[in-house]
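Results of the structural survey
Here's the letter readout for the chains.
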Amino acid sequence: MKELQDLARKLLNDGTVKVVIGYEEGARGVRPAFITDAKQAGKLIFDKRCVQNLAAYLNPRRKQVAQLGTPAVVVKGCDARAVAGLIREKQIERDKVVIIAVRCGGVLENPETDSELTSETVSVRCGGCDVREPKLHDHLVGELPPAPPVNNHREEQIAALKKLSSADRWSYWTEQLSRCIRCHACREACPMCFCVQCTAEKTQPQWIDPSATPRANRAWQTMRVLHQAGRCVDCLECERACPEHIPLGLLARYVADSVERRFDYKACEDPAVAAPLGVYKTNDDEEFIR
Amino acid sequence: MTHRFLSHASLTALVAELVAAKTRVIAPVRAQDDPEQVDYRPIHKLEDAALGVRLTRGSLKEFFLPPTEVLLHYKQTKEGVEIREVPTEAPPQVILGSTPCDAAALEVVDKVMGWDYRDELWFGRRAASTIVSLLCTAMDSTCFCTATGLGPDSFRGSDALLVPVEGGYLANVITPKGEALLQKYAEADESMKASAEAAQGEARQKEEKNLAAIPPEFSAWLATNFDNPIWKTIALRCHGCGACAGVCPTCHCFDIVDEHDTADEGVRRRNWDSCQTSKFTLHASGHNPRQSQSERFRQRIQHKFSIYPSRFAEILCTGCGRCTRACPGGMDLPKLLDELMTLAKSEAKSSEPKGSSL
Amino acid sequence: MSDEVEHGSDDAWSPKVVAFVCNWCTYTGADLAGTSRLQMAPNVRVIRLTCSSRVNPLFIIKAFERGADGVVVSGCHTGDCHYSTGNYYARRRFAILHDLLEFMGVETNRVTFSWVSASEGNKWQEVVNETTARIKELGPFRTLQGQKGVEL
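Residues numbered from 1 in each chain as written. Chains lettered and ligands numbered in written order. Predicted model: local features only at pLDDT ≥ 70, side-chain atom pairs only at ≥ 80, totals over all residues.

Right, let's get into the overall build of chain B. In terms of helices and strands, chain B carries 10 helices and 12 strands. Dimensions of chain B along its principal axes, counting C-alpha atoms only, are 70 × 60 × 40 Å. In chain B, which comprises 358 residues, the share counted as buried stands at 45%. (Helix = DSSP H or I, 4+ residues; strand = E, 2+ residues; numbered from the N terminus. Buried ≥ 20, exposed ≤ 12 C-beta atoms within 10 Å, placed from the backbone.)

The structure is reproduced here in structure tokens:
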């Protein structure tokens, strides 16, 4: 992508940034790139295999990246929402990051396959995307591709789960979460999980048992997804990172739908818009309160 | 070394007999969430297994060192504290169709498990297990067992190694346990050795293309290059998520915790842990000697390819490639090792260290 | 699990209900119910907090983990919060928690959210009795394997 590469080269050469965080071709497909030398800017690419949410690398806890200096970050619209979230929650300052937004037509569910984008192969989060031309940016690059096809697989799974009895839903989640080994890869890969001490790491008292038992696994995943309510941008890095292939995206989507339905809020690119659980309306839903 | 021929029918019958005798049989099985993938799971009959299809997503580790396991129960009473330890004898299990890299990993980890303290829970499960591996023909570009001194037909850690031949398998019977398991259902047969060895050779050739053998000097180079600037740039994309440690057959670090249901009663457990997590080396004082992912990733490489070899004469890696496959950040171990080994070789010639192109 | 008690057996399993209540309204209302000698089921254990907003979803999860069969969360009516706005934030948080618990297979009737004011002794009585009756009908909370050191 020449436009992107030229821009990166310019930003590095004139000293605006010290590193451009983007995507490059690895030996086994697309992977995150950290370009510090303008001569390497030609490595930067962008295509439908670029699923990673690079906003995670802006987290100040990533000392090895922060040490490099002022970053530019390549973002799709969904990733830009995560950058907005980090700015909103005061983890980074707007003027300390250069946001290079790319116009996007959807990404693959399995980037290793490098197939055409169809309703079977496109990521479940792309259908209906309204940020294909991200508004949060310092630079906007690329041609606007056609809108991505819609992959309903996740909606179907959630609908199927809702139809089950309460007991069957309990069994489903107990079984899925029984595979959890409490590696917390979901947390580490998530751009919005930036806490220096996670709730699960608190030992005095130990609210969430650290062991990979069914009850502790359930407590962990329930709390993580609750802490993401109204903050999660549905990038699905958690699900991608999980070495046990637990369908965490179902929980993320369900909570996001609940937030949207109740508070008329979707993850957004504007850092000035307050996170929904940090504000209230005097006439919020309370049908569930006696 | 003796050889036996095991027909498909005989293997079916053997599995049936084991299951009937309440021996747990573990084999690669198609994953429920993605039938293209396989995981090691208990089976009830041979047809449940998907042998030789592709490499499993997880290793055998969970059947020897579970992700969480109880070490003891404690109860506070008026008389004092009652401690009830868990039994170290384990119920019998047979692993069928493991890859040679996974079997070898068990032998590699035996070294630390029997080092300054004998881990009886580990060895209890080792003693109760019979491991029947299968020649690996499903290698992809991420694995590199030959580079670590093993191979797709390695015998290490296995009680028998099956090689697919016409009508079934040629079993290389490696240990008395393997003999005891197979003698009833597999006839002694030396006639198929040649065709088996041809298949083995073919598999080796394929695997050797992925990465050159790790030279013995590499361990020493790593030790003297602890402060090489390359460590600052080699792990920028690493999330520190620990997924690699979870799927790795040789990673074995664990954390010990006490969990109680009431004020008086609880259990002590050990849980999988990983040096890649930010708090792994956090001291009670608040100091953390490994403050950034660069240092933590350096530790992973140093431990596996320098520290463990210098202590146990074993590389703490069997080249299975799972870490690379599982990594959400795009870390690529064989490529990384190739770069480090190339750097080591070039530094042997010049004295100018270069930054990583990774 | 062998230690799960049969619902409806003569061994009279009695629900354990934990109530997280705010100090200013509900706790005072509960106190009023008591001093008025209103008949209430004895199953509810009250935990007093400064405000309904202090209730962390973790409290509810932990209560179920450690043996509660039902949970009550109660505070001031919106607009009457002693700290002005605490219960507004709490209401949003509880809404999401309520939805998520249902999705993950916890019967919605196990968790009761209510606004009970300092003068509503009668309402507190209703909350206690109705909740206890509902939990009795639902039975004990689903036992979780992995509890008490069961081997994987």
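Glancing now at the domain arrangement of chain A. Residue and element names in this part refer to chain A. As assigned here, chain A comprises domain 1 (2-141) and domain 2 (153-278). A C-alpha centroid distance of 24 Å is found between domain 1 and domain 2. Counting from both sides, the interface comprises 24 residues of domain 1 and, opposite them, 21 residues of domain 2. Within the side of domain 1 that touches domain 2, the residues separate by chemical class into 12 nonpolar, 5 polar and 7 charged. (Domains from an automatic or database assignment. Contact = placed C-beta atoms within 7 Å. Nonpolar A, V, L, I, M, F, W, Y, C, P; charged D, E, K, R; others polar.)

Here the focus is the nonpolar core. Among the nonpolar cores identified, the biggest contains 218 residues, and A:Ala8, A:Val20, A:Val73, A:Val74, A:Val83, B:Leu162 and C:Val71 are the most heavily contacted of them. Take this core: its biggest share by element is 9 residues, from helix α9 (residues 248-263) of chain A. Those residues in contact with A:Ala8, other than ones at most four positions away along the chain, are A:Val20, A:Gly22, A:Ile35, A:Ala41, A:Leu44 and A:Ala72. (Core = buried A, V, L, I, M, F, W, Y, C linked by C-beta atoms within 7 Å.)

Residues and elements named next belong to chain B. Strand order across the open sheet formed by 8 strands is β3-β2-β6-β7-β8-β9-β1-β10, with mixed pairing between neighbours. Looking along the sheet, the strands with just one partner apiece sit at the ends: β3 (38-43) and β10 (187-188). Pairing geometry for strand β2 (residues 24-30) and strand β6 (residues 93-98), over 3 bridges, is parallel. Across the sheet, residue Ile 26 finds its bridge partner in β6, namely Ile 95. Of the strands in this sheet, β6, β7 (129-134) and β8 (160-165) touch helix α2 (residues 100-113), which is tilted by about 145° from β7. (Pairing = 2+ DSSP bridges. Axes fitted to C-alpha atoms, helices over the stretch in contact; angles between N-to-C directions.)

This part covers the environment of A:Arg132. All names here are of chain A. You can see Arg 132 is positioned in the loop between β5 (98-102) and β6 (139-141). With 19 C-beta atoms packed within 10 Å, Arg 132 lands in the partly exposed category. Between the alpha carbons of Arg 132 and Val 107 there is a distance of 11 Å; along the sequence they are 25 residues apart.

What follows deals with the interface of chain A and chain B. Contact with chain A, which involves 29 residues of that partner, is made by 34 residues of chain B. Of all the elements in the fold, those that place two or more residues in the side of chain A that touches chain B are β2 (29-35), α2 (63-66), α6 (185-189) and α8 (237-241) of chain A. Residue composition of the side of chain A that touches chain B, grouped by class: 13 nonpolar, 6 polar and 10 charged.

It is common to report an interface's size as the accessible area lost on association of the parts. All names here are of chain B. According to the domain assignment, chain B consists of domain 1 (2-76 + 88-208) and domain 2 (217-349). When each unit is reduced to the centre of its C-alpha atoms, the spacing between domain 1 and domain 2 is 26 Å. Counting residues at the interface gives 32 residues for domain 1, matched by 27 residues for domain 2. Counting only elements with at least two residues in the side of domain 1 that touches domain 2, the list comes to β4 (68-77) and α2. A per-element tally of the side of domain 1 that touches domain 2 places β4 first, with 9 residues. Residues belonging to the side of domain 1 that touches domain 2 are distributed by class as follows: 18 nonpolar, 8 polar and 6 charged.

On to the sheet that holds strand β11 (residues 254-260) of chain B, then. Residues and elements named next belong to chain B. Spatially, 4 strands are ordered β5-β4-β12-β11 in an open sheet, and the strand pairing comes out antiparallel. The sheet is open, and its two borders are formed by β5 (80-85) and β11, each paired with just one other strand. The mean inter-strand angle of the sheet, taken between neighbouring strand axes irrespective of direction, is 25°. Pairing between β4 and β5: 6 bridges, direction antiparallel. Across the sheet, the residue bridging to Lys 75 is Glu 82, located in β5.

Next up on the list: helix α3 (residues 77-88) of chain A. All names here are of chain A. In this model α3 runs 16 Å from its N-terminal to its C-terminal C-alpha over 12 residues, within 8% of the 16 Å that 1.5 Å per residue would give. Buried residues dominate α3, accounting for 11 of its 12 residues. Among the residues of α3, Gly 77, Cys 78, Asp 79, Ala 80, Arg 81, Ala 82, Val 83, Ala 84, Gly 85, Leu 86 and Ile 87 are the ones counted as buried. Of the surrounding secondary structure, the elements contacted by the buried residues of α3 are β4 (71-75) and β5. Of the residues trailing α3, Lys 90 is marked for its positive phi of about 65°. (Expected span 1.5 Å × (residues − 1).)

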